[in-house]
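# Geometric and topological summary
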Amino acid sequence: MLKEALSAADCVALQLENDVERYAELGRKLRTTTFNTALTVARGSSDHAANYCAYLIMARMGRIVASLPMSLVTLYKSPLVTRDTLTIAISQSGQSPDVVEPIRYFRDGGATTIALVNDIDSPLAAAAEWAMPLRAGKEQSVAATKSFITSLVAGARLVAQWQNDPELTEGLAALPEALRSAAQVDWSPALEVLTPARNIMVVGRGISFPIALEAALKFKETSALQAEAFSGAEIKHGPMALIEDGYPLLIFATRGPTQAGLIALAAEMRTRGARVLLAAPSDVPERDLTLPTAATPDLDPIVAVQAFYVMAAHLSKARGMDPDRPRHLSKVTKTN
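Here the residue numbers are simple positions, counted from 1 along each chain's written sequence. In view of the model being predicted, local features appear only for residues whose pLDDT reaches at least 70, and side-chain atom pairs are presented and counted only at 80 or more, with totals across whole chains, interfaces and linings using the full set of residues. Computation of side-chain values covers all heavy atoms of the structure but excludes hydrogens and water.

Two aromatic rings from Phe, Tyr or Trp, using only the six-membered ring of Trp, form a pair when their centres are within 6.5 Å; if the ring planes differ by under 30 degrees the pair is stacked, by over 60 it is edge-to-face, and anything between is tilted. Applying the stated rule across the entire model yields seven aromatic pairs. Measuring from ring centre to ring centre gives 6.1 Å for F35 and W162, while their planes differ by 80 degrees; the resulting arrangement is edge-to-face. Placement of F35 in the loop between α3 (20-31) and β1 (37-41) and of W162 in helix α8 (residues 146-163) is noted, with a sequence separation of 127 residues between them. Exposure remark for F35: the relative accessible area of 10% places this residue in the buried category. A centroid spacing of 6.2 Å and a plane angle of 50 degrees characterise the contact between F308 and Y309, whose relative ring orientation is tilted. In this text, helices come from DSSP runs of H or I with a minimum length of four residues, and strands from runs of E with a minimum of two, each type numbered from the N-terminal end. The buried label goes to any residue with under 20% of its type's maximum accessible area, the exposed label to any with over 50%, and the partly exposed label to all in between, with areas taken from a 1.4 Å probe on protein chains only.

Structure (structure tokens):
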């Protein structure tokens, strides 16, 4: 896991060097096509990457994006309207029937279908009209790291070409070096708090919420740590009842309009006795963990998760576990 996480910068560089004209062509296609509906199709870490891509599409392109409950196609056989629909699937393996079948269904119905997939020879790649390789290379670790980061990059790359935004495109070009720097950030203070922990809440909002979802999954996967992700806007509802002295919270306060509220939330949770780990950029004096930044705030989650992955691999070992052999899990999961 650690080795693959550290290789993410090279994988991103490889992806950005390839398929340049293919992404440009896709961008032109998206700019000249009318969509009444936009959907994402994914599971697990790939679904968190899809959430990030969806957020960029909604924030930058003004299109509402929903996550498709795949069972509507695979089990309920619902007569979904496919015309004027954009459907984006994200997958490392491209093998799971509940990801492949909806893409095939929507493509057969005339939708524009895109697969951001690591295995370009997979059934998912064959099912989609536009198969865009992640170029992460073979991933041995059960816990996805480099394939998740390259999924985030592919989603941002798609949006940059759709919007035809040179600033976002230039920011993407600077990501490999930003990722290398992010991998060196010291998050060892988190180990002191989380090695003995039994549970944790992971908090984000807006562009950082998909990273909170991914971090919570990795805590469960690699450290058997009961973790739940919440939006900073939701934690004051039911989840607040769980807060007690010493309760751990990891808060991702990336740059942007949600940052001030998350910093304020960290301060409030400290007054309630929570053991807060506020991850924020170096200009935030209240931070407990330093968040690396990218060339533009919309890309900050990509370098943030790189710093998190390095810590998560060390945490798993500190808790007496093997991050490369999570209990009851295998690399490729196939569901219907």
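If you check the backbone angles, D19 has positive phi at about 60 degrees while not being a glycine. On the secondary structure map, D19 appears in the loop between α2 (8-17) and α3.

Attention now goes to the sheet that holds strand β5 (residues 130-133). Strands qualify as paired when DSSP identifies two bridges or more between them. With respect to topology, five strands assemble into an open sheet ordered β2-β1-β3-β4-β5, the strand pairing being parallel. With partners counted over all chains shown, the strands left at the sheet margins are β2 (65-67) and β5, one partner each. Strand-to-strand, the axes of this sheet are offset by a mean angle of 20 degrees, without reference to chain direction. Pairing between β1 and β2: three bridges, direction parallel. Paired with A38 across the two strands is V65, which belongs to β2. Seen against the sheet, α3 touches β3 (85-91), β4 (112-117) and β5 and runs at an angle of roughly 140 degrees to β5. Whenever a helix is involved, its axis is fitted only over the stretch in contact; in every case the axis is a line through C-alpha atoms, and angles between N-to-C directions fall within 0 to 180 degrees. Residue contacts are counted whenever heavy atoms from the two residues lie within 4.5 Å of one another.

Here we take up helix α10 (residues 175-182). At 3.6 residues per turn, the α-helix brings residues three or four places apart onto the same side. Inspection of α10 places L175, P176, A178, L179 and A182 among the buried residues, and these make up the whole buried set. Down the axis of α10, the sector holding all buried residues measures 160 degrees, keeping them to one side. As for α10, its buried residues are in contact with α2, α8, α9 (166-173) and α14 (300-318). The directions considered for the arc run from the helix axis to the C-beta atoms.

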